[in-house]
Amino acid sequence: MPKTEFSPSIESRPTYPGLTSQGSAPAIMVADAAGAEALVDLVATDASVMDHAHVVLIAKAPELAAKLTALTPKALHEAPDLDAATPLVTQILDTAKMGTQLYLAGSEGVIGHVSALAFARGLPMEAIQSEHRGSIARRMQCVHCKGITEDVTTDPFVCAHCDLTLFMRDHFSRRLGVFQAVCVDAETPGVVPATEEIRP
Amino acid sequence: MTMQFNDETFRGDYTYHNSQKAIRRFPFPFDQDAYMYSVNIEQHPGGPEGSPFEVMFDVDEHYVAEMKDREITLAEDPLRCQSLPHMELAGWDLLELIMVSKARDYPELFTLHRDGNDWHWINKPLGIEKKFTFLDPTTLPCGPMEYITRQTQGDFALLHERDGNLWMDAGMVTSQADWSLDFDVGMNFFEWHAPVPKARKMGVFDKALKFLLSVGQDQSYRRLNWTLTVNPRLDTSPETYHKWGPEKRSVTPENVGRKQFLRVELQTFFRLPRSNALAFPIRCYLANLEDLAGQPKWGRRLHRVLRDIDPTLAEYKGFAVNQEMIVDYLSQFDDGAPTSPGIFPDG
Ligand code: HEM
């Protein structure tokens, strides 16, 4: 699956220009199953990018893990989902050397969440690159209860925490790594528009 | 002359009200019969005697009730006040600016004695007397920004300057026109303004940021912003939108004059001396259509502005659903006569 092209939006909405090798600088790479292909494509442009790279694969996919191992990173770590990957990624970020490059590939949820972790640890924005691949599901924060609902593909949707029906905004917080979701029937309780699949 | 403070509420039974004096000094935001976004920035303080522009931090009849309302909001949601770790010094800067200004401008209400870093602050309207050590956080019950903004009307954003941009790294926000501090903390000028229609393309935000970055310590400025709010509610937050949202649809032709409020924000800009941060107080004034229309110039002008406003702005500001009712109501005050320039009422 190629890199996703999103329609133009407001300025807080992140864009994902794609990965470009920064050579053999220390690197942290985090990808989900779809994003793993972006890492493969990255290595095809410059094999040295793996020389000092910690790769975290967020997927239950042994064949993908084998494919990434074959690219000879410094280390490959696997995690079944974003939650499970968080402590691992946090630790790798905490022990990262100055000048470390962060390469993120996959869904908006993975990119948003890991960027936020890196942002909180003071990694400069210039050191973070991202490429969107695969699902256009969003990581949404309910503005009312602050709970985060992962992998949202419809608008409106029901908050996994407080059960309010929420609409998606394009307003995005880099600090939290989430889009904002707001009660869709706040003014007219019970009057909810038809559910639609989101588009890029 | 001592000031009388209203016993009133901004939620529930909504007993908020304006005296004749408060109406006359209301910061009416329209200096002509039409409105569009612009870089409407001017020097602050400075303005006619008795106007809310006269001193740095205006204190009015709503002071005590507003501070009670803030206390309720903060008790329900502590995330309305946030400060990233590097912003504490800016909080002290803000505390100093406010205490010094208020003690100077309202000596009958506020007193500040300073002996080196040993400070003694007396706030008579709120019954507070506090001795503390300036720059020593252990001598205050909470952070300096929270301490002083629990005693000062209006919301506050503290902006950190870096990379040629301003970053919203601290704030006290309980009387916002539907935006979330918790969501916006850490954003830069263009990111937090992203939901605003038109302005970026018009060049308003580029010019405004350039201006703000050049503000020095010896100058301060202001601008007015406005929206419409149903009921005199300070806390129109996204967090509680599902609670106050239904009230937006409770407007009828019979009650619109009393229930529909013009909400004006007096926004000011101060460069802070130690931290080099920018303080951005956002002071909210509320008056209903009936009270405003009592000033014939304002009745005429408000009718024309709200009738002719760009639909995108009416939608963004959230009053499109009630616009027709509002304009119908206001039309009775518009005889077509010309209006005088400027924001102040005639006579
Ligand atoms: C640095 C201090 C400032 C802060 C913290 C600030 C903050 C905000 C916020 C949070 C919003 C709401 C956005 C949303 O919908 O979520 C807003 C709206 C807006 N801001 Fe600012 N702002 C600042 C300075 C300025 C300046 C100098 C201008 C000058 C033109 C400006 C123009 C506007 C406009 C036109 C809107 C839309 C308001 C409406 O239509 O009701 N802001 N601002």
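Residues numbered from 1 in each chain as written. Chains lettered and ligands numbered in written order. Predicted model: local features only at pLDDT ≥ 70, side-chain atom pairs only at ≥ 80, totals over all residues. Heavy atoms only, no water.

Within chain B, the secondary structure is distributed over 13 helices and 10 strands. For chain B, the proportion of its 347 residues judged to be buried stands at 59%. Pairs at least 24 apart in sequence give 72% of the contacts found in chain B among residues at least 6 apart. When the accessible surface of chain B is summed, it comes to about 14,300 Å², and 52% of that surface belongs to carbon and sulfur atoms. Taking the 38 positively charged and 51 negatively charged side chains of chain B as two groups, their mean positions are separated by 2 Å. (Helix = DSSP H or I, 4+ residues; strand = E, 2+ residues; numbered from the N terminus. Buried < 20%, exposed > 50% of the residue type's maximum accessible area, 1.4 Å probe, protein only. Contact = heavy atoms within 4.5 Å. Areas by Shrake-Rupley, 256 points an atom, 1.4 Å probe, with all protein chains shown as cover. Lys, Arg positive; Asp, Glu negative; His and termini not counted. Charge placed at Lys NZ, Arg CZ, Asp CG, Glu CD.)

Let us look at the overall build of chain A. Helix and strand counts for chain A stand at 4 helices and 12 strands. At 17 Å, chain A has a C-alpha radius of gyration in line with the 16 Å of a compact globule built from 200 residues. Dimensions of chain A along its principal axes, counting C-alpha atoms only, are 55 × 30 × 30 Å. Looking at chain A residue by residue over its 200 residues, the buried ones come to 53%. For chain A, the share of sequence-separated contacts (at least 6 apart) that also reach a separation of at least 24 residues comes to 62%. Within the structure as shown, chain A displays about 8,900 Å² of accessible surface, and the carbon and sulfur contribution to it stands at 55%. Of the charged side chains in chain A, 15 are positive and 24 negative, and the gap between their average positions amounts to 5 Å. (Rg over C-alpha atoms; globule rule 2.2 N^0.38 Å.)

This next bit is on the pattern of salt bridges. On inspection of all chains with the given rule, the structure shows 37 salt bridges over all chains. B:Asp206 is paired through a salt bridge with B:Arg200; the nearest N and O atoms lie 3.3 Å apart. Overall, the relative accessible area of 30% leaves B:Arg200 in the partly exposed class. Through salt bridges that share partners, A:Lys146, A:Arg175, B:Asp182 and B:Glu239 make up one connected network. (Salt bridge = Lys/Arg side-chain N within 4 Å of Asp/Glu carboxyl O.)

All names here are of chain A. As a packed pair, helix α3 (residues 82–94) and helix α4 (residues 108–120) sit with axes 10 Å apart at the nearest point and diverge in direction by 35°. Between α3 and α4 the crossing geometry is right-handed. For the pair formed by α3 and α4, the contact residues are Leu 82, Thr 86, Val 89, Thr 90 and Leu 93 on the first element and Gly 109, Val 110, His 113, Val 114, Leu 117 and Ala 118 on the second. (Axes fitted to C-alpha atoms, helices over the stretch in contact; angles between N-to-C directions. Left-handed = near helix turned anticlockwise from the far one by under 90°.)

With that settled, consider helix α2 (residues 63–76) of chain B. An ideal rise of 1.5 Å per residue puts 20 Å on 14 residues; α2(B) measures up with 20 Å between its terminal C-alpha atoms. Within α2(B), burial applies to B:Tyr63, B:Val64, B:Ala65, B:Glu66, B:Met67, B:Asp69, B:Arg70, B:Thr73 and B:Leu74. (Expected span 1.5 Å × (residues − 1).)

Here the focus is the confidence of the model for chain B. Regions with low pLDDT should not have their predicted coordinates read in detail. Of all residues in chain B, 100% have pLDDT values of 70 or greater, and the mean over the chain is 97. Interface confidence for the predicted complex, given as ipTM, is 0.94, next to a pTM of 0.95. (pLDDT = per-residue confidence, 0-100.)

Glancing now at the nonpolar core. Residues and elements named next belong to chain B. Among the nonpolar cores identified, the biggest contains 58 residues, and Trp 226, Leu 262, Leu 302 and Leu 306 are the most heavily contacted of them. Sequence-distant contacts of Leu 302, that is, excluding residues within four places in its chain, are made with Phe 28, Phe 30, Leu 262, Leu 289, Leu 292 and Leu 330. In terms of nonpolar packing, the next biggest core, distinct from the first, is built from 39 residues, Leu 74, Met 87, Trp 92 and Tyr 147 among them. (Core = buried A, V, L, I, M, F, W, Y, C linked by side-chain atoms within 4.5 Å.)

Residues and elements named next belong to chain B. With respect to the secondary-structure elements, Tyr 147 resides in helix α4 (residues 144–149). What makes Tyr 147 buried here is its relative accessible area of 7%. Excluding residues that lie within four positions of it along the chain, Tyr 147 makes contacts with Leu 95, Met 99, Trp 121, Ile 128, Lys 130, Leu 140, Pro 141 and Cys 142.

This part is about the site of the ligand. Residue and element names in this part refer to chain B. Residues in contact with the ligand amount to 22 residues; listed here are only the nearest, Tyr 37, Trp 192, His 193, Tyr 316 and Lys 317. At 2.8 Å, a side-chain N or O of His 193 approaches a nitrogen atom of the ligand. Side-chain polar atom of Lys 317 to an oxygen atom of the ligand: 3.0 Å apart, as the coordinates give it. The set of elements that each furnish at least two residues to the shell around the ligand consists of β6 (155–162), α6 (189–192), α7 (204–213), β8 (220–230) and α12 (311–317). Per-element tally for the shell around the ligand: the top contributor is α7, with 4 residues. (Near = heavy atom within 4 Å. Polar contact = N/O pair within 3.5 Å; in protein donor to acceptor, adjacent residues only side chain to side chain.)

Our focus in this paragraph is the domain arrangement of chain A. Residue and element names in this part refer to chain A. Taken domain by domain, chain A comprises domain 1 (27–132) and domain 2 (138–197). Here the C-alpha centroids of domain 1 and domain 2 sit 27 Å apart. Taken together, the contacts link 8 residues of domain 1 with 9 residues of domain 2. Buried area between domain 1 and domain 2, both sides added, is near 680 Å², and the carbon and sulfur share of it is 62%. Viewed at the interface, domain 2 and domain 1 are joined by 0 salt bridges. At the junction of domain 1 with domain 2, the criterion picks out 1 residue pair in polar contact (both at pLDDT 80 or more). Element by element, the count of residues in the side of domain 1 that touches domain 2 is highest for α4, at 6 residues. The residue inventory of the side of domain 1 that touches domain 2, partitioned by class, reads 4 nonpolar, 3 polar and 1 charged. (Domains from an automatic or database assignment. Buried area = accessible area lost by both parts, 1.4 Å probe. Nonpolar A, V, L, I, M, F, W, Y, C, P; charged D, E, K, R; others polar.)

This next bit is on the sheet that holds strand β4 (residues 101–106) of chain A. Residues and elements named next belong to chain A. Strand order in this open sheet of 5 strands is β3-β2-β1-β4-β5, and the pairing throughout is parallel. Each of the sheet's edge strands pairs with one partner strand only, and the pair in question is β3 (75–79) and β5 (128–132). Strand after strand, the sheet turns through a mean of 15° between neighbouring axes, direction not considered. (Pairing = 2+ DSSP bridges.)

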